[in-house]
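Residue-level structure breakdown
One-letter residues, chain by chain:
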Amino acid sequence: MTDFLSTGSLPEDYRDLALTVRDFAQQVVAPVAAEHDANHTFPYEVVKGMADMGLFGLPFPEEFGGMGGDYFALCLALEELGKVDQSVAITLEAGVSLGAMPIYRFGNDEQKREWLPRLTSGRALAGFGLTEPDAGSDAGGTRTTAVLDSGEWIINGRKQFITNSGTDITELVTVTAVTGTTGGKKEISTILVPTSTPGFVAEPAYNKVGWNASDTHPLSLTDVRVPQENLLGERGRGYANFLRILDEGRIAIAALSVGAAQGCVDESVRYAKERLAFGQPIGRNQAIAFKIARMETRAHAARTAYYDAAALMLAGKPFKKQASIAKLVASEAAMDNARDATQIFGGNGFMNEYAVARHYRDSKILEIGEGTTEVQLMLIGRELGL
Ligand SMILES: Cc1cc2nc3c(=O)[nH]c(=O)nc-3n(C[C@H](O)[C@H](O)[C@H](O)COP(=O)(O)OP(=O)(O)OC[C@H]3O[C@@H](n4cnc5c(N)ncnc54)[C@H](O)[C@@H]3O)c2cc1C
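Here goes a summary of the coordinates provided. Please read these numbers as outputs of a predicted model, since none were measured by experiment.

1. What about the pairing of strand E4 (residues 170–182)?
Summarising the sheet, strand E1 (residues 125–129) and E4 pair through five bridges and their orientation is parallel. Across the sheet, the residue bridging to glycine 129 is valine 175, located in E4. Strand direction decides the pairing type here: E4 and strand E5 (residues 185–194), joined by 10 bridges, are antiparallel. Bridge pairing in E5 places valine 173 opposite valine 193. Hairpin geometry of E4 and E5 is characterised by an intervening segment of two residues between the two adjacent antiparallel strands and by a positive phi of about 55 degrees at glycine 183.

As structure tokens, this is what we get:
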């Protein structure tokens, strides 16, 4: 089997990083993945391992405790982790691209100094609180409010499905809130809410179909008071700023999805060579070989799509359409490959202890989170002027 990293397509430093993360994923993540999935437990020891390797600081400059890498480096790490355990990969993705990145992109010097070193070191996690019971795809439907009173924001509202919002090391959630109206339109801003603030409650975790070892909670905010200085970025620019964060995040989710899609290929190739039926390995049947060939094709095509989007982003060029395309094709590749891999594994594919069964449950959310498939199509259509 030719592994993509062995083709020489990537510069050496990127390839070395990917190989280091691959090694970590196989040695540290894989052995405990099924157990955390079955018990719905957050993998603190794995997160500490990723923190010790500097993964939470990958795309940030050293002055903020980062590794001085870039967003593509983060994507490569997510691909390798996503092959083995999507819960671990999404914990890193959300911690970096949704937790720390809004502060790096839009924070003032004081906010960066206060929060980034803890977040980039992985000692603390931050969540990204955009979705509400009545504001998902239509994120502008935000109902949470923040009212200025004597130099403090008083925040009231509810958020739902917020990743990394209730772990023992979660210290912050950045929330969107309506801070007024301008020209009859809602003015949405983003505000930093330390999780220790009275009135902030991470309610009991959801019972999810997959991503069982990732931390997801509904949040309630009742008369939460934070200093006026906790406004992140310009007042009224919160929605626009979050959309920029989501554009980037889609490339990261695409990378994670490619990992899942490739993980299904790798597992299937191995199984198809070992499993005997009718006196021969099942992979000798062209029906199985073609299925796996198509899976490999999907994974590779999706990889080129996220590489393309990341290259444009790093070059400072427009990348919105390419990020949506990458997210769309990669999430569908993951779901399609997970379904095919489960079929190739037969009855074993329906047993939770097998990685492909976990990918089957985990992959569905890739077509939903950080913008559903329909939202990606809407964005691509808009970029085409439709
Ligand atoms: C495990 C998990 C983790 C998450 N983590 C976070 C997080 O950290 N932070 C955060 O803010 N959010 C998070 N989310 C929320 C996620 O981003 C939303 O669930 C997602 O954006 C969809 O919103 P919704 O659930 O309200 O669905 P809805 O917006 O209600 O959509 C329902 C269906 O209608 C479709 N639809 C909606 N509008 C249109 C339209 N105009 N045209 C065609 N179809 C349409 C959608 O595509 C979808 O199929 C998470 C969700 C999950 C499940």
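2. Topic: the environment of arginine 298
Here arginine 298 is to be found in helix H7 (residues 286–314). Put simply, arginine 298 and glutamine 262 are 36 residues apart on the chain and 8.8 Å apart in space, counted from C-alpha to C-alpha.

3. Points about the site of the ligand
The immediate surroundings of the ligand are formed by 23 residues, with Leu130, Gly136, Ser137, Thr372 and Glu374 found nearest. Looking at the shell around the ligand, the elements that each hand over two or more residues are helix H4 (86–106), E1, strand E3 (152–163) and helix H10 (373–383). In terms of residue class, the shell around the ligand is built from 10 nonpolar, 10 polar and three charged. For the shell around the ligand, the two domains that each supply at least three residues are domain 2 (126–236) and domain 3 (240–384).

4. Focus: the packing of H4 against helix H5 (residues 109–120)
With their axes 10 Å apart at the nearest point, H4 and H5 run at an angle of 150 degrees to one another. Classified by the angle between their axes, H4 and H5 sit roughly antiparallel to one another. For the crossing formed where H4 meets H5, the hand is left-handed. Contact with H4, carried on its side by Gly99, Ala100, Ile103 and Tyr104, involves Gln111, Lys112, Trp115, Leu116, Leu119 and Thr120 of H5 and no other residues of that element. Of the residues contributing to the contact of H4 with H5, the split by class is six nonpolar, three polar and one charged.

5. Some words on unusual backbone geometry
In this structure, histidine 40 takes a positive phi of about 55 degrees despite not being glycine. If you trace the backbone, histidine 40 turns up in the loop between helix H1 (12–39) and helix H2 (44–53). We note that phenylalanine 161 has phi near 60 degrees; this positive angle belongs to a residue other than glycine. Relative to the elements of secondary structure, phenylalanine 161 occurs in strand E3.

What counts, and at which threshold
Here the residue numbering is sequential within each chain, running from 1 through the sequence in written order. Confidence filtering applies because this is a predicted model: local features only for residues at pLDDT of at least 70, side-chain atom pairs given and counted only at 80 or more, and all residues used for totals across whole chains, interfaces and linings. Strand pairing is assigned whenever DSSP identifies at least 2 bridges connecting the two strands. For helices the rule is a DSSP run of H or I covering at least 4 residues; for strands it is a run of E covering at least 2, with both sets numbered from the N terminus onward. The rule is simple: place the C-beta atom from the backbone, and if it lies within 6 Å of a molecule or strand, the residue is near it. Only Asp, Glu, Lys and Arg are considered charged, only Ala, Val, Leu, Ile, Met, Phe, Trp, Tyr, Cys and Pro nonpolar, and every remaining residue, Gly among them, polar. All domain edges in this entry derive from an automatic or database-based domain assignment. Comment: axis = line fitted to C-alpha atoms, over the contacting stretch for helices; angle = value between 0 and 180 degrees taken between N-to-C directions. Note that the term roughly parallel is reserved for angles under 35 degrees, roughly antiparallel for angles over 145, roughly perpendicular for angles of 65 to 115, and oblique for everything else. Left-handed is the label given to a crossing in which the near helix is rotated counterclockwise from the far helix by less than a right angle, and right-handed is the label when the rotation is clockwise. Contacts are defined on C-beta atoms placed from the backbone: any two residues whose C-beta positions lie within 7 Å are in contact.

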